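Listed here are the chains, written in short residue letters.
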Amino acid sequence: MIILKVILLLAAAFALYWQIKIKKIFPAIITAGMIAGMITVLILPESIRVTGFFIYMGFVALAIVYGLTIKETGIWPRMVIILMSAGIFTYWLWVLNHWHGNELLAPVLTLIAGLAGIISKVKLKNELGFLLLMATDAFAIIIEHLLKST
């Protein structure tokens, strides 16, 4: 599981670099908040881990709001942002509330929405940081479940 933490931290480092390079304020706020939540979960002591999940989920919810309110793009880029964010938000809401069954559908939805965005060549250069964090999180969730089941 250490390798998954390293992959998530590398994705966070790239997302931070990308947001500094792009210099768009609202995607940068979302990315920074998600990174703060990830670092709280991955590095800090176990006693404040749930707080990190709630920080992460709050900024994922902010990404949903961003997808609903962004004016510069068409409907398809907005749908990619909303579906990826909703998938990750749903997964962590499901897991943190200890609801059982079908929790792997949400990360799969996140990856499918991201793949559909890549295939359709959606222009999401400004949002690449937090979308990469969500895709990496979904990938890590799926790999972790596969490793637990074997």
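Residues numbered from 1 in each chain as written. Predicted model: local features only at pLDDT ≥ 70, side-chain atom pairs only at ≥ 80, totals over all residues. Heavy atoms only, no water.

1. Thoughts on the overall build of the protein
Rules: The way it works is that DSSP assigns letters per residue, a run of H or I at least four long becomes a helix, a run of E at least two long becomes a strand, and they are numbered from the N terminus. We compute the radius of gyration from the C-alpha atoms alone; for a globule the expected value is 2.2 Å times N to the 0.38, where N is the number of residues. Buried residues are those whose accessible area, probed at 1.4 Å on protein chains only, stays under 20% of the maximum for their type, while exposed residues exceed 50% and partly exposed ones sit between those limits. We call two residues in contact when some of their heavy atoms are within 4.5 Å. Here, Shrake-Rupley sampling with a 1.4 Å probe gives the accessible areas, and only protein chains in the shown set may cover a residue. Here Asp and Glu are counted as negative and Lys and Arg as positive; His is not counted, and neither are the chain ends. One atom stands in for each charge, and that atom is NZ of Lys, CZ of Arg, CG of Asp or CD of Glu.
If you tally the helices and strands in the protein, you get six helices and zero strands. Over its C-alpha trace the protein gives a radius of gyration of 15 Å, about what one expects of a compact globule, namely 15 Å for 150 residues. With the C-alpha coordinates of the protein rotated into their principal frame, the extents come out at 40 × 30 × 25 Å. Counting across all 150 residues of the protein, residues that qualify as buried make up 39%. Residue pairs in contact within the protein that sit at least 24 positions apart in sequence constitute 73% of those at least 6 positions apart. Here the protein displays about 8,400 Å² of accessible surface, and carbon together with sulfur accounts for 75% of that area. Here the protein carries 11 positive and 6 negative side-chain charges, and the mean point of each set is 13 Å from the other.

2. Overview of the pattern of salt bridges
A side chain of one charge can pair with a side chain of the opposite charge if their charged atoms are brought near each other. For clarity, the cut-off: Just to be clear on terms, a salt bridge is a Lys or Arg side-chain nitrogen sitting within 4 Å of an Asp or Glu carboxyl oxygen.
In the structure shown here, the tally under the stated rule is one salt bridge. When the shortest N-O distance is used, the salt bridge between Arg49 and Glu46 registers 3.4 Å. Classification of Arg49 by relative accessible area gives partly exposed; the value is 23%. Residue class for Glu46 comes out exposed when judged on its relative accessible area of 58%.

3. Let's talk about helix H2 (residues 25–42)
As a reminder, the rule being used: One less than the number of residues in a helix, times 1.5 Å, gives the span that helix is expected to have.
Its 18 residues give H2 an end-to-end C-alpha distance of 25 Å, which sits within 8% of 26 Å, the value for a rise of 1.5 Å per residue. Within the sequence span of H2, burial applies to Pro27, Ile30, Thr31, Gly33, Met34, Ile35, Gly37, Met38, Thr40, Val41 and Leu42. In this structure, the buried side of H2 is in contact with helix H1 (2–22), helix H3 (49–69) and helix H6 (128–149).

4. Quick notes on the packing of H3 against helix H4 (residues 75–96)
The line we're drawing: In this analysis an axis means a line fitted to C-alpha atoms, helices contributing only their contacting stretch, and an angle means the value between N-to-C directions, from 0 to 180 degrees. Roughly parallel refers to an angle under 35 degrees, roughly antiparallel to one over 145, roughly perpendicular to one between 65 and 115, and oblique to any angle outside these ranges. Should the near helix be turned counterclockwise from the far one by less than a right angle, the crossing is left-handed, whereas a clockwise turn marks it as right-handed. Following the grouping adopted for this structure description, the nonpolar residues are Ala, Val, Leu, Ile, Met, Phe, Trp, Tyr, Cys and Pro, the charged ones are Asp, Glu, Lys and Arg, and the polar ones are all others, Gly among them.
At their nearest, the axes of H3 and H4 sit 8 Å apart, and the two run at 155 degrees to each other. By the angle between their directions, the pair H3 and H4 is classed as roughly antiparallel. At the point where H3 passes H4, the crossing takes the left-handed sense. Residues Phe53, Phe54, Tyr56, Met57, Val60, Ala61, Ala63, Ile64, Tyr66, Gly67, Leu68 and Thr69 of H3 form the contact with H4, whose own contacting residues are Arg78, Ile81, Ile82, Ser85, Ala86, Ile88, Phe89, Trp92, Leu93 and Leu96. Counted by class, the contact of H3 with H4 contains 18 nonpolar, three polar and one charged residues.

5. Here we look at the packing of aromatic side chains
Put simply, the rule reads: Aromatic rings from Phe, Tyr and Trp, taking only the six-membered ring of Trp, are treated as a pair when their centres fall within 6.5 Å; an angle between ring planes under 30 degrees marks them as stacked, one over 60 as edge-to-face, and anything in between as tilted.
Applying the stated rule across the entire model yields seven aromatic pairs. Seen in terms of ring centroids, Phe53 and Trp92 are 4.6 Å apart; in terms of plane orientation they differ by 35 degrees. Their pairing is tilted. Within this pair, whereas Phe53 is found in helix H3, its partner Trp92 is found in helix H4, the two being separated by 39 residues in sequence. Both rings, one in Tyr91 and one in Trp92, keep their centres 4.9 Å apart while their planes meet at 80 degrees; by these two values the pair is edge-to-face. Like Tyr91, the residue Trp92 is buried in the burial classification. Through a chain of ring-to-ring contacts, three or more aromatic side chains come together here, namely Phe14, Tyr17 and Trp18.

6. Side note on unusual backbone geometry
Despite not being glycine, Lys23 shows a phi value in the positive range, around 65 degrees. Taking the relative accessible area as the measure of exposure, Lys23 reaches 70% and is therefore exposed.

7. Here's the deal with H1
This is how the line gets drawn: Working note: the arc is built from the helix axis to C-beta atom directions.
With 21 residues, H1 ought to run about 30 Å at 1.5 Å a step, and its terminal C-alpha atoms sit 30 Å apart, in line with that. Buried within H1 are the following residues: Leu4, Leu8, Ala11, Ala12, Ala15, Trp18, Gln19 and Ile22. Take H1 and look down its axis: the buried residues cluster within an arc of 130 degrees, on one side only. With respect to the buried face of H1, the exposed residues turned more than 90 degrees away are Ile2, Ile3, Leu10 and Ile20. Residues of H1 that are buried in the fold lie against H2 and H6.

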